[in-house]
Amino acid sequence: ICYRFLDCFEFSRLSKIIAAYAYAFNGFTILWGQHYFFAAASLYIVLVLLGVEKTIVSRKGIPLLCVGTFLVMLNTYYLAYMVLLIAAVYALFRLAFLYSFKQLKEVVKKIGLLFVAVFIGAMMSACIFLPAVNLLLGTSSRVSGEASIAEKLIYYFTEARFDQETLLAIT
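Conventions we followed
- Residues numbered from 1 in each chain as written.
- Predicted model: local features only at pLDDT ≥ 70, side-chain atom pairs only at ≥ 80, totals over all residues.
- Heavy atoms only, no water.
- Axes fitted to C-alpha atoms, helices over the stretch in contact; angles between N-to-C directions.
- Helix = DSSP H or I, 4+ residues; strand = E, 2+ residues; numbered from the N terminus.
- Parallel < 35°, antiparallel > 145°, perpendicular 65-115°, else oblique.
- Left-handed = near helix turned anticlockwise from the far one by under 90°.
- Contact = heavy atoms within 4.5 Å.
- Nonpolar A, V, L, I, M, F, W, Y, C, P; charged D, E, K, R; others polar.
- Phe/Tyr/Trp six-rings, centres within 6.5 Å; stacked < 30°, edge-to-face > 60°.
- Buried < 20%, exposed > 50% of the residue type's maximum accessible area, 1.4 Å probe, protein only.

A. Quick look at the packing of helix α5 (residues 62-75) against helix α7 (residues 104-124). Between α5 and α7, the least distance of the axes is 7 Å, while the angle of their chain directions is 40°. Taken together, the axes of α5 and α7 lie oblique to each other. The crossing of α5 and α7 is right-handed. Packed against α5, whose contacting residues are I62, L65, C66, T69, F70 and M73, the element α7 presents L113, L114, A117, V118, I120, G121, A122 and M124 at the interface. The class makeup of the residues in the contact of α5 with α7 is 12 nonpolar, 2 polar and no charged.

What follows is the structure, encoded as structure tokens:
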């Protein structure tokens, strides 16, 4: 995957091979590879970055970004926000490098494509992600245990805090 990511840029074949092997056998991957799947983040970050790069270049990268987001959120939602944050920063810098300020409309379209692909990947992993959110929100003493996950999400994502009757009326 690292070789395919480096293949998007103008590097020699030998330098791509050396960099891919160095990345595959780095100390983090070797040391943390068997400790709570921490090394999976180093694999998924390259997969997501490859999806971002391919999506920026053409629409053919959208399925790859969806699958990368799905896999990282399916495996570890704890590290998923870090991987996706790094991918977002990478995408912003890459778009700033590729496009000028006059091409703002094209940049907004690319950001929209990236957002939609990540959202689809997140929804693909909803079978794991939403029960985890429900568990985390269900342990709070501020929300009753009888509230549904939709009520809990509305409660936490709105500025105005509603009482239980208002939440039931909304949903």
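Having seen it, we continue.
B. Looking closely at the packing of aromatic side chains. Counting across every chain of the model gives 5 aromatic pairs. Measuring from centroid to centroid gives 5.5 Å for F5 and F9, while their planes differ by 80°, and the two rings are edge-to-face. Residue classification places F5 among the buried positions, given a relative accessible area of 12%. A connected cluster of aromatic rings, assembled from ring pairs, spans F5, F9, F11 and Y90.

C. Inspection of the packing of helix α6 (residues 77-98) against α7 at higher detail. Two numbers describe how α6 lies on α7: the axes approach to 11 Å, and their chain directions differ by 160°. Relative to α7, the element α6 lies roughly antiparallel. In this structure, α6 meets α7 at a crossing whose hand is right-handed. For the pair α6 and α7, the contacting residues are L84, A91, L92 and L95 in the first and V107, K110, I111, L114 and V118 in the second. Its residues placed into classes, the contact of α6 with α7 shows 8 nonpolar, no polar and 1 charged.

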